[in-house]
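The residues making up each chain are set out below.
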Amino acid sequence: MPDTSAEVVRSQFAAFAEGGVEAAARHWHPEIEWRAVAGAADDVGVIAGEQALRRYYADWSATLDDLRAEVDTVLLEDGERVAVAVRNAGRGRASGVPVQGRYYVACIVRDGRILAGREYAAADEAVAGARSLRPGANP
């Protein structure tokens, strides 16, 4: 298992690219809380628990072929708090059109697993989010 919070987050995205949702879920705390970018098309509010996050990832996998994401840059690492820049890419399942993007994620990693995460549209928001993220307090 990775040693630092940033390594856990990086490993989670790499595991998804290599082994899908099952591989990624090994990096999640059973009571994980996650939130997509506020106001984005996939923002359903707080995603609470491992099973709910599995469904969220499965929805993305059903929409895009060859979906992958990787940590591009670690923006902040302070103990269990980490903020990263993520590059993602895939191909529309119905259209075949390639898509790619970049977003930012703030996480709390505890005991080698991601306990809470929130996606952001901007790097400075993710850094501020990592500093203020509180599990159980609507990430």
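Before reading on, note that the structure itself is shown above.
Quick summary incoming for the structure in this document. For clarity, every value in this text was computed on a predicted model and none was experimentally measured. (Residues numbered from 1 in each chain as written. Predicted model: local features only at pLDDT ≥ 70, side-chain atom pairs only at ≥ 80, totals over all residues. Heavy atoms only, no water.)

**Section: the nonpolar core**
Nonpolar side chains in soluble globular proteins tend to be buried together. This is how it is decided: Only buried Ala, Val, Leu, Ile, Met, Phe, Trp, Tyr and Cys residues count toward a nonpolar core, and they belong to the same one when joined by side-chain atoms within 4.5 Å. When accessible area is computed with a 1.4 Å probe and restricted to protein chains, residues below 20% of their type maximum are described as buried, those above 50% as exposed, and intermediate ones as partly exposed. Secondary structure follows DSSP: runs of H or I at least 4 residues long count as helices, runs of E at least 2 residues long count as strands, and numbering of each begins at the N terminus. Should any heavy atoms of two residues lie within 4.5 Å, those residues are counted as being in contact.
Ranked by internal contacts, the top residues of the largest apolar core, which has 29 residues, are Val-9, Phe-13, Trp-28, Trp-34 and Ile-114. Among the secondary structure elements, those contributing two or more residues to this core are α1 (5-25), β1 (28-35), α2 (50-63), β3 (64-78), β4 (81-92) and β5 (98-110). In terms of residues, this core owes the most to one element, α1, which gives 8 residues. Those residues in contact with Trp-34, other than ones at most four positions away along the chain, are Gly-45, Val-46, Ile-47, Leu-53, Tyr-56, Val-105, Cys-107, Ile-114, Gly-117 and Glu-119.

**Considerations on α1**
To be explicit about the condition: A helix is expected to span 1.5 Å for every residue after the first. Here the bend at each residue means the angle between axes fitted to two seven-residue stretches, the one ending at that residue and the one beginning there.
The end-to-end C-alpha distance of α1 is 16 Å, clearly below the 30 Å that 21 residues give at a rise of 1.5 Å each. Roughly 150° is the biggest bend found in α1, and it falls at Gly-19. Taken as a whole, α1 has its buried residues at Ser-5, Ala-6, Val-8, Val-9, Gln-12, Phe-13, Ala-15, Phe-16, Val-21, Ala-23, Ala-24 and Ala-25. Here the buried face of α1 lies against β1, α2, β3, β4, β5 and β6 (113-120).

**Brief notes about the pairing of β6**
Note the cut-off: Strands were regarded as paired on the criterion that DSSP finds at least two bridges between them.
In terms of burial, β6 is a largely internal element, 7 of the 8 residues being buried. Judged from the 4 bridges that link them, β1 and β6 form a sheet pairing that is parallel. Across the sheet, the residue bridging to Glu-33 is Ala-116, located in β6. Looking at chain direction, β5 and β6 are connected through 7 bridges and run antiparallel. Its bridge partner lying in β6, Val-109 is registered against Ile-114. Joining the antiparallel neighbours β5 and β6 is a turn of 2 residues, in which Asp-111 adopts a positive phi near 55°.

**So, the pattern of salt bridges**
Just so we agree on the cut-off: Take a side-chain nitrogen of Lys or Arg and a carboxyl oxygen of Asp or Glu: if they are within 4 Å of each other, that pair is a salt bridge.
Within this structure, the stated rule accounts for 7 salt bridges. In this structure, Arg-91 engages Asp-66 in a salt bridge whose closest nitrogen and oxygen atoms are separated by 2.7 Å. With Arg-91 in strand β4 and Asp-66 in strand β3, the pair connects residues that are 25 residues apart, well separated along the chain. The partly exposed category is assigned to Asp-66, whose relative accessible area is 48%. For Arg-102, the salt bridge identified is with Asp-72, shortest N-O distance 3.0 Å. Here Arg-102 is found in strand β5, whereas its partner Asp-72 is found in strand β3, with 30 residues between them in sequence. Relative accessible area serves as the criterion here: at 34%, Asp-72 is assigned to the partly exposed category. Through salt bridges with shared partners, one network takes in Glu-22, Glu-50 and Arg-54.

**Let's talk about a negative patch on the surface**
The line we're drawing: Exposure above 30% relative accessible area and the lack of any salt bridge qualify a residue for a patch; like charges then connect within 9 Å, and the nonpolar side chains Val, Leu, Ile, Met, Phe, Trp and Tyr within 5 Å. In short, Shrake-Rupley with a 1.4 Å probe defines the accessible areas, and a residue's cover is counted only from the protein chains shown. As used throughout, the charge tally considers Lys and Arg to be positive and Asp and Glu to be negative, leaving His and the chain termini uncounted. Where a charge lies is defined by one atom per residue type, namely NZ (Lys), CZ (Arg), CG (Asp) and CD (Glu).
On the surface, Asp-3, Glu-7, Glu-77 and Asp-78 cluster together into a patch of negative charge. Looking at the secondary structure, you find Asp-78 in strand β3. Owing to a relative accessible area of 52%, Asp-78 belongs among the exposed residues under this scheme.

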